[in-house]
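The residues making up each chain are set out below.
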2 protein chains.
Amino acid sequence: MSVNIDVTAFMLNCSEAEAAQPSLSVIRAWVRLMRAQQLVLGAIEQDLKAADLPPLGWYDVLLELSRVEGGRLRPYEIEERTLLAQHNLSRLLDRMEKAGLVQREVFSEDGRGRWVVITENGRAMQARIWNVYAAAIQRHLGNKLNNGQADQLAELLAVLSQKSYRPCQKSADI
Amino acid sequence: MSVNIDVTAFMLNCSEAEAAQPSLSVIRAWVRLMRAQQLVLGAIEQDLKAADLPPLGWYDVLLELSRVEGGRLRPYEIEERTLLAQHNLSRLLDRMEKAGLVQREVFSEDGRGRWVVITENGRAMQARIWNVYAAAIQRHLGNKLNNGQADQLAELLAVLSQKSYRPCQKSADI
DNA sequence: CGATTATAGATGCACTTGCATCTATAAGGA
DNA sequence: TCCTTATAGATGCAAGTGCATCTATAATCG
């Protein structure tokens, strides 16, 4: 998915007349966000695959588990920390369990819940992945940005992840 | 996929000893790039879905077609412009053709090739999507960044999309 | 020319994702 | 308590994706 944009267009949406047309600057930022993310992610995933390692999603789960005490979390906790959808995580855990990287255990305080526990193999895999992953990050980002630029970029991107306080709805004025 | 990172780790990869560990700044930038892109893309796709419109990939194709003279491109040209993989594009075109938004025609100069032509319905759809898409961009980015910030962000992201001249290989010094 | 190699695009298959739904357990309220 | 509602997690099915491969045509080179 690429995302170019026809900047010579118009708009009107979200109930009725509402937000203004995004500025050219904003549109350009969006397109480049998509492109850069896609390219860099693709490159990094390639590096992982080339090293016969599983995709990044696995790393996310392993990392979350490995960094908490006891190496165990409830699925919904992993969900929150990784932004993985519930049903996707459920099946990702299936695969990881089959691969021997995690184990599901009963959670006695709540019959609905489960523990997900990282195994020794899981910890080893987390470390193995990080070797390759770190190198890939350095190669595909670190070699292109100095620390000042990276900080600046992180700063700007952080703004985008914040919840907006301008939701899409008729303005509350009556 | 979320992408957190254990910053207290080490590395070594890409043939032999090579790139240094990415700096904390770089790692943070990467994590935020992933997060921001995922959140904003997800939000925008939600808006499209809520308006009963197809996903962004369709828009990319429609836009590329609608902006060239004659409204026709070869599949490989669309591929280049959108970063869609060949086999994915092939099947996306199947769906779009079935939906009456594009049509495939023979390309007489080269028996292997095909034309992809946008239909009137396709053009109408492109415009309809843009209505919603533009509003979504404004909502999820424009409301959070001023133009100066957007320009700055676009600038930094552009650097990431450039081909690196530090490929992963033993340095060429002998 | 004929054989090899390259390119455009399609397709079979396995895997992943999204969506809705389902089961089981827990919590809250009459 | 019983009944309703909410939450944790799993799962069936449809759709999308990656990967390898296939077909057809074109280009290149002996």
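Placed above this text is the structure.
Not measured: the values here are computed from a predicted model.

Undergrad: Residues and numbers for the packing of aromatic side chains, please.
TA: Residues and elements named next belong to chain A. Counting across every chain of the model gives eight aromatic pairs over all chains. The interplanar angle of 80 degrees and the centroid separation of 5.2 Å between the aromatic rings of Tyr59 and Tyr133 together place this pair among those described as edge-to-face. Of this pair, Tyr59 sits in helix α2 (residues 56-67) while Tyr133 sits in helix α5 (residues 120-142), and the two are 74 residues apart along the sequence. The burial state of Tyr59 is the same as that of Tyr133; both residues are buried. With centroids separated by 5.2 Å and ring planes inclined at 85 degrees, the aromatic side chains of Phe107 and Trp115 adopt a geometry described as edge-to-face. Using a relative accessible area of 11% as the deciding quantity, one classes Phe107 as buried. Residue classification places Trp115 among the partly exposed positions, given a relative accessible area of 22%. Joined through ring pairs, the aromatic side chains of Tyr59, Trp130 and Tyr133 make up one cluster. Looking at Arg72, its charged tip hangs above the ring of Trp115, at a distance of 5.6 Å from the centre.

Undergrad: Talk me through helix α2 (residues 56-67) of chain B; I want residue IDs and the actual numbers.
TA: With 12 residues, α2(B) ought to run about 16 Å at 1.5 Å a step, and its terminal C-alpha atoms sit 17 Å apart, in line with that. When you tally the buried positions in α2(B), you get 11 out of 12 residues, the bulk of the element.

Undergrad: Explain the protein's contact with DNA strand C to me, and be specific about the residues and the numbers.
TA: Asn88(A), Arg91(A), Lys49(B), Pro75(B) and Arg91(B) are the nearest of the 19 residues found near DNA strand C. Taking the atoms of DNA strand C that fall within 4 Å of the protein, sugar and phosphate contribute 60% of them. With respect to DNA strand C, the backbone of Tyr76(B) contributes an N or O atom lying 2.8 Å from a phosphate oxygen. Taking Arg104(B), its side chain carries an N or O atom lying 3.0 Å from a phosphate oxygen of DNA strand C. Counting residues per element, the ones that place at least two in the surface near DNA strand C are α4 (86-98) of chain A together with α3 (75-82) and α4 (86-98) of chain B.

Undergrad: So what about the pattern of salt bridges? Which residues, and what values?
TA: Tallied over the full model, the rule gives 15 salt bridges over all chains. The shortest N-O distance in the salt bridge between Arg104(B) and Glu97(B) comes to 3.1 Å.

Undergrad: Describe in detail the protein's contact with DNA strand D, supporting the description with residues and values.
TA: Not every one of the 19 residues close to DNA strand D is listed here, only the nearest: Lys49(A), Pro75(A), Arg91(A), Asn88(B) and Arg112(B). Those atoms of DNA strand D that come within 4 Å of the protein belong to sugar or phosphate at a rate of 60%. Here a base nitrogen of DNA strand D sits 2.8 Å away from a polar atom, N or O, in the side chain of Gln86(A). One of the side-chain N or O atoms of Arg95(B) is found 3.4 Å from a phosphate oxygen in DNA strand D. Within the surface near DNA strand D, the residues separate by chemical class into two nonpolar, seven polar and 10 charged.

Undergrad: Explain the pairing of strand β3 (residues 114-118) of chain A residue by residue, including any values.
TA: Residue and element names in this part refer to chain A. The pairing of strand β1 (residues 72-73) with β3 spans two bridges and is antiparallel. The partner of Arg72 across the bridge, within β3, is Val117. Summarising the sheet, strand β2 (residues 102-106) and β3 pair through five bridges and their orientation is antiparallel. Looking across to β3, one finds that Glu105 is bridged to Trp115.

Undergrad: Account for the packing of α2(B) against α3(B), naming residues and giving values.
TA: All names here are of chain B. Axis separation between α2 and α3 bottoms out at 10 Å; the angle between their running directions is 115 degrees. The crossing of α2 and α3 is right-handed. Every residue of α3 that contacts α2 at Asp60, Val61, Glu64 and Leu65 is listed here: Ile78, Arg81 and Thr82. Tallied by class, the residues present in the contact of α2 with α3 amount to three nonpolar, one polar and three charged.

Undergrad: I'd like a rundown of the sheet that holds β3(A), residues and numbers included.
TA: Residues and elements named next belong to chain A. The three strands lie next to each other as β1-β3-β2, forming an open sheet whose pairing is antiparallel. Of all the strands in the sheet, the pair left with one neighbour each is β1 and β2. Seen against the sheet, α4 touches β2 and β3 and runs at an angle of roughly 115 degrees to β2.

Parameters at a glance
- Residues numbered from 1 in each chain as written.
- Chains lettered and ligands numbered in written order.
- Predicted model: local features only at pLDDT ≥ 70, side-chain atom pairs only at ≥ 80, totals over all residues.
- Heavy atoms only, no water.
- Phe/Tyr/Trp six-rings, centres within 6.5 Å; stacked < 30°, edge-to-face > 60°.
- Helix = DSSP H or I, 4+ residues; strand = E, 2+ residues; numbered from the N terminus.
- Buried < 20%, exposed > 50% of the residue type's maximum accessible area, 1.4 Å probe, protein only.
- Lys NZ or Arg CZ within 6 Å of the ring centre and 35° of its normal.
- Expected span 1.5 Å × (residues − 1).
- Near = heavy atom within 4 Å.
- Polar contact = N/O pair within 3.5 Å; in protein donor to acceptor, adjacent residues only side chain to side chain.
- Salt bridge = Lys/Arg side-chain N within 4 Å of Asp/Glu carboxyl O.
- Nonpolar A, V, L, I, M, F, W, Y, C, P; charged D, E, K, R; others polar.
- Pairing = 2+ DSSP bridges.
- Axes fitted to C-alpha atoms, helices over the stretch in contact; angles between N-to-C directions.
- Left-handed = near helix turned anticlockwise from the far one by under 90°.
- Contact = heavy atoms within 4.5 Å.

Take it as geometry only, folks, not as evidence of what the structure does.
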